[in-house]
Amino acid sequence: MRREDLADADCGIAQALGVLGDWWTFLIVRDVAGGTTRFDALQRELGVSRRALTERLAALVEHGVLERRPYSRHPPRFDYLLTAKGEGLLPVLIALQDWGTRHLMSDGELTATADADSAEARRVHDLIGRRLPEVVLPGPDGQPVALTDGGAWSVLYLFPGAYAPGTQGYPPGWSDIPGARGCTLESTTYADRYADFQTSGARVWGVSTQRPDQLADFTAYAGLPFPLLSDQDGRLAAGLLLPTFRAGGITRFKRLTLLVDPTAVVRAVQFPVTDPAGSVQEMLTLVREHTKIPG
């Protein structure tokens, strides 16, 4: 059966494979989501031939997954950017990443953490020196926040899930998932030390895949002086290939923290985080070392 025949089958999976039935195509979408948007940079990252890359980019543009945006007229050069249709693929990329990490690179255990010497941990620490993709996330009030704007040092702590009492929250068996517990303690510890982070020259953001209204309820309950941002659409998770796991039918972050400089470049990483409260002091020390502001 030819690949183009699959696209005509009465099945959504088959139709999707008619567009994305090539592993290079998935990797192109992965890298574009991560901020590699120009032809030469994509070719360098992927190691694919110019002809193969040209063909696949053209097909993705034709199918409305990518759009071309000119950045040079002479000679004509383009950025390749995800469309709304393309962003619909981000949960697919995250699911593939999670499945590969859990079932091919590990023993299949459901976990919210990782071994310090694991391939997953190495991948996260390789983020040091990388710029955040241009991602806009809704805060608890629903207003968008651009992570790459602001020109300040930022601490982004990513957590599996935190809920206000009396709201629909943790799924059954949550406490049995290694690394899942501790989100409330982590957030309240950041709240207690928030003034120290400000004095040391850094703002603090918490990030979860929860809905904005759930984060708003928890922010009010915990009295947090900083915003919690929602990555429910997976833009940040897919853009940085961040470690995730699924619980209660929801993709969730494994606990990790990023220190990001004023140019949106990652300068330090905490992963795995085995002591949610203790990691806050460790991050404050890292902030002071990088900003050179005594505290």
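Calculation rules
Residues numbered from 1 in each chain as written. Predicted model: local features only at pLDDT ≥ 70, side-chain atom pairs only at ≥ 80, totals over all residues. Heavy atoms only, no water. Helix = DSSP H or I, 4+ residues; strand = E, 2+ residues; numbered from the N terminus. Buried < 20%, exposed > 50% of the residue type's maximum accessible area, 1.4 Å probe, protein only. Contact = heavy atoms within 4.5 Å. Pairing = 2+ DSSP bridges. Axes fitted to C-alpha atoms, helices over the stretch in contact; angles between N-to-C directions. Phe/Tyr/Trp six-rings, centres within 6.5 Å; stacked < 30°, edge-to-face > 60°. Lys NZ or Arg CZ within 6 Å of the ring centre and 35° of its normal.

Q: Hey, could you run me through the side chain of D31 in this one?
A: Within the secondary structure, D31 sits in helix α3 (residues 23-33). A relative accessible area of 9% means that D31 is categorised as buried. Once you skip the residues sitting within four places of it in the chain, D31 turns out to touch T36, L42, E45 and L46.

Q: For this particular structure, what's the right way to read the sheet that holds strand β11 (residues 266-270)?
A: Two strands in a sheet stick together by hydrogen bonds in their backbones, pointing the same way (parallel) or opposite ways (antiparallel). With mixed pairing, the 5 strands of this open sheet are ordered in space as β7-β6-β5-β10-β11. The open sheet has two edge strands with one neighbour each: β7 (228-230) and β11. Each strand of the sheet is rotated relative to its neighbour by a mean of 25 degrees, with strand direction disregarded. Direction of pairing for strand β10 (residues 256-260) relative to β11: antiparallel, over a ladder of 4 bridges. Among the inter-strand pairings, L259 is bridged to a residue of β11, identified as A268. Its contacts with the sheet put helix α9 (residues 183-192) on β5 (153-158), β6 (202-208), β10 and β11, and the angle it makes with β5 is roughly 160 degrees.

Q: Can you help me understand unusual backbone geometry in this one?
A: In terms of backbone geometry, most residues other than glycine have negative phi values and most peptide bonds are trans. The step from H74 to P75 runs through a cis peptide bond, and the omega angle for that step is -5 degrees. As for its position among the elements, P75 is in the loop between β1 (66-72) and β2 (77-82). Note the cis peptide between F271 and P272, where omega equals -5 degrees. Within the secondary structure, P272 sits in the loop between β11 and α13 (278-291). Positive phi values are uncommon outside glycine, yet L241 reaches one of about 50 degrees. Note that L241 resides in the loop between α12 (235-240) and β8 (244-247). The residue A264 is not glycine, and still its phi comes out positive at about 70 degrees. Looking at the element boundaries, A264 is found in the loop between β10 and β11.

Q: What am I meant to see in the pairing of β8 here?
A: Two faces make up the sheet, and in a regular strand the side chains alternate between them. As defined by bridge partners, β8 adjoins strand β9 (residues 250-253) across 4 bridges and the pair is classed as antiparallel. When the bridges of β9 are listed, T244 appears paired with F253. The turn joining β8 and β9, which pair antiparallel and follow one another in sequence, is formed by 2 residues; a positive phi near 65 degrees is taken by G248.

Q: Could you clarify how one ought to interpret the packing of aromatic side chains in this entry?
A: Two measures describe an aromatic ring pair: the distance that separates the ring centres and the angle between the ring planes. Within the structure shown, the criterion is met by 10 aromatic pairs. A connected cluster of aromatic rings, assembled from ring pairs, spans Y157, F159, Y190, Y194, F197 and F226. Over the ring of Y71 we find R38, and its NZ or CZ is 3.5 Å from the ring centre. Here the basic side chain of R68 rests over the ring of F78, its NZ or CZ set 4.0 Å away from the ring centre.

Q: Which parts of the structure should I look at to understand the pairing of β5?
A: Summarising burial for β5: 6 of the 6 residues are buried, a large majority. Because side chains alternate across β5, one face comprises the buried residues W153, V155 and Y157, and the other comprises S154, L156 and L158, equally buried. Note: β5 against β6, 6 bridges, orientation parallel. Residue pairing across strands places S154 opposite R203, the latter belonging to β6. Here β5 runs beside β10; their pairing, made up of 5 bridges, is antiparallel. If you follow L156 over to β10, its bridge partner there is L258.

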